[in-house]
Amino acid sequence: MRVLLVGAGGVGTAVTRIAARRPFFDLMVVADYDPARAEAAVAGVGDDRFRAERVDAGDEAAVAELLARHGCDVLLNATDPRFVMPLFRAARTAGAGYLDMAMSLSRPHPERPYEECGVKLGDEQFALAGEWEKAGALALVGMGVEPGLSDVFARYAADELFDEIEEIGIRDGANLTVDGYGFAPSFSIWTTIEECLNPPVVYEKGRGWFTTAPFSEPEVFDFPDGIGAVECVNVEHEEVLLVPRWVDARRVTFKYGLGTEFIETLKTLHLLGLDRTTPVTVPGADGPVAVSPRDVVAASLPDPATLGERMRGKTCAGTWVRGVKDGKPREVYLYHVVDNEWSMAEYGCQAVVWQTALNPVVALELLATGAWSGSGVLGPEAFPARPFLDLLTEYGSPWGLREQ
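Residues numbered from 1 in each chain as written. Predicted model: local features only at pLDDT ≥ 70, side-chain atom pairs only at ≥ 80, totals over all residues. Heavy atoms only, no water.

Attention now moves to unusual backbone geometry. Note the cis peptide between glutamate 146 and proline 147, where omega equals 0°. Structurally, the position occupied by proline 147 is in the loop between β6 (138–140) and α7 (149–161). For glutamate 217, which is not glycine, the phi torsion reads 50° and is therefore positive. Here aspartate 225, not a glycine, exhibits a phi torsion of approximately 60°, which is positive. Relative to the helices and strands, aspartate 225 resides in the loop between β11 (219–223) and β12 (228–234). (Helix = DSSP H or I, 4+ residues; strand = E, 2+ residues; numbered from the N terminus.)

Written out as structure tokens, the structure reads:
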């Protein structure tokens, strides 16, 4: 397998360090708009299967040319979601497969944003599914940790743990702290703003997809491995748009443990218009400059990839499932925990970006070996879960199951 990895930030760098320990690929081209980041990621693994290149993720022709020049079989997208569609189209143009960790962006309903869906996450990609299927090519979408591993857990629960499923609820929580910072998100603030301030989506059988207000329906969820009780709220996320396409469940939700301080900070950014992506004009040394307020916020905060030495604690991604097995009620939580101290010592990567990066590498290996195969635009739920979970454990990062 020959892979083009686009994006050499925290997640992309973690991808290289995880993949370097595996034999399933022959070449991984690491490409970034900043060539120094790509070169640093490649130098960090000291493996001649890796090569650095510069590319603008928004330039479809340049990305397609890079795929063709290196004879790449698949494009792995490790950029933020605004580049999903150009990279998705570039892979199709070049005849390569495609894999991402976040799907095409949503747009709220113009009149009823907190009741009805507008353009949903992934709609633009699924609209082109016929082209991919006709070509016999695969676009595996939403294959990070959340979405990704959480969706694999949903498939596993449906196949092996339940006869009927009432509800699937993705629940994400952590007890991470960052020394020396009052506010320092452990993941891309651009993506965090997008998913936390957009109207959250809920799925109910018979009703379909609908929206609620941001941060609605708070609940306290008890996370394993010493993380403990964390208040979680509704957040827009891909699992709610993916799971019902392949798994029969009466209700699907996503709730994130953000914390009161984090929520209030996001609300303030929204109040001030600093979450907007449309450029505003500001004075500059050489004249007026057009800048995106959200990009300014991102540039003002520390790079999440650099926070590992200051971070303490664990992060947990998981899928809570309630239903019936053998005529009796059953409730389980399938989960994956990463301790930041361990990920830093073992890979030199902070826990959140490492956990995100791990799962697409596992998926690439399954595709390379033929354990997973398919065509069209497919989510993780479209594939058998057991091979993925077994390989995840082989990678040295086992998952857990807790009866509730």
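The discussion continues.
This paragraph deals with the packing of helix α3 (residues 60–69) against helix α4 (residues 84–94). Helix packing for two helices is described by the angle between their axes and how far apart those axes are. Two elements in contact, α3 and α4, have axes whose closest approach is 8 Å; the angle formed by their N-to-C orientations is 45°. When the axis of α3 is compared with that of α4, the two are oblique. When the axes of α3 and α4 are compared, the crossing they make is right-handed. Note on element contacts: α4 touches α3 through Pro86, Leu87, Arg89, Ala90, Ala91, Thr93 and Ala94, opposite Glu60, Val63, Ala64 and Leu67. Within the contact of α3 with α4, the residues separate by chemical class into eight nonpolar, one polar and two charged. (Axes fitted to C-alpha atoms, helices over the stretch in contact; angles between N-to-C directions. Parallel < 35°, antiparallel > 145°, perpendicular 65-115°, else oblique. Left-handed = near helix turned anticlockwise from the far one by under 90°. Contact = heavy atoms within 4.5 Å. Nonpolar A, V, L, I, M, F, W, Y, C, P; charged D, E, K, R; others polar.)

When you tally the buried positions in strand β1 (residues 2–6), you get four out of five residues, the bulk of the element. Looking at chain direction, β1 and strand β2 (residues 27–32) are connected through five bridges and run parallel. In the sheet register, valine 6 faces β2, and the bridge partner there is alanine 31. Crossover β1 to β2 through helix α1 (residues 10–19) is right-handed. (Buried < 20%, exposed > 50% of the residue type's maximum accessible area, 1.4 Å probe, protein only. Pairing = 2+ DSSP bridges. Right-handed = clockwise from strand over helix to strand, strands pointing away.)

The biggest cluster of nonpolar side chains holds 88 residues, and the ones touching the most others in it are Met28, Val30, Ile168, Trp372 and Phe388. The element contributing the most residues to this core is helix α13 (residues 351–369), with 10 residues. Contact partners of phenylalanine 388, with chain neighbours within four places excluded, come to Met143, Leu149, Val152, Asn359, Val362, Ala363, Leu366 and Trp372. Counting 30 residues, the second largest nonpolar core, distinct from the first, contains Val63, Ala64, Ala96 and Ala137. (Core = buried A, V, L, I, M, F, W, Y, C linked by side-chain atoms within 4.5 Å.)

Pairing of side chains with opposite charge becomes possible as their charged atoms draw close. In total, this model carries 30 salt bridges according to the counting rule given. Put simply, arginine 82 and aspartate 295 hold a salt bridge, and the shortest N to O gap is 3.3 Å. Taken together, the residues span a long stretch of sequence, with arginine 82 in the loop between β4 (74–77) and α4 and aspartate 295 in helix α11 (residues 293–300) at a distance of 213 residues. With a closest N to O distance of 2.4 Å, glutamate 403 and arginine 330 form a salt bridge. With glutamate 403 in strand β20 (residues 400–403) and arginine 330 in strand β18 (residues 328–339), the pair connects residues that are 73 residues apart, well separated along the chain. Overall, the relative accessible area of 46% leaves glutamate 403 in the partly exposed class. A network of salt bridges, in which partner residues are shared, links Glu167, Arg171, Glu204, Glu217, Glu219, Arg251, Lys255 and Arg322. (Salt bridge = Lys/Arg side-chain N within 4 Å of Asp/Glu carboxyl O.)

It is worth spelling out the state of the cysteines at this point. Inspection of every chain in the model, using the stated rule, returns zero disulfides. The structure places no disulfide on cysteine 117, whose sulfur is separated from the nearest cysteine sulfur, that of cysteine 196, by 17 Å. (Disulfide = S-S within 2.5 Å.)

For the rest of this paragraph, the subject is a nonpolar patch on the surface. A cluster of nonpolar residues, Leu271, Leu272 and Leu274, forms a patch on the protein surface that exposes about 320 Å² of accessible area. For leucine 274, a relative accessible area of 31% puts it in the partly exposed group. (Patch = residues over 30% accessible without salt bridge, like charges linked within 9 Å, V, L, I, M, F, W, Y side chains within 5 Å. Areas by Shrake-Rupley, 256 points an atom, 1.4 Å probe, with all protein chains shown as cover.)

This paragraph deals with the sheet that holds β2. If you trace the seven strands from one edge of the open sheet to the other, you get β3-β2-β1-β4-β5-β6-β19, paired in parallel fashion. Strand pairing shows two members of the sheet lacking a second neighbour, β3 (50–54) and β19 (376–378), which therefore form its edges. Looking at each pair of strands side by side, their axes are set apart by 20° on average, direction ignored. Across two bridges, the pairing between strand β5 (residues 97–100) and β6 is parallel. Directly across from leucine 99, in β6, lies its bridge partner leucine 140.

Turning our attention to the side chain of threonine 319. Examined against the element boundaries, threonine 319 turns out to sit in strand β17 (residues 314–325). According to the relative accessible area criterion, threonine 319 is buried, its value standing at 0%. There is a polar contact of 2.9 Å between the side chain of threonine 319 and the backbone oxygen of serine 150. Beyond its immediate chain neighbours, meaning those up to four positions away, threonine 319 contacts Ser150, Phe153, Ala154, Ile168, Gly169, Ile170, Val332, Tyr333 and Leu334. (Polar contact = N/O pair within 3.5 Å; in protein donor to acceptor, adjacent residues only side chain to side chain.)

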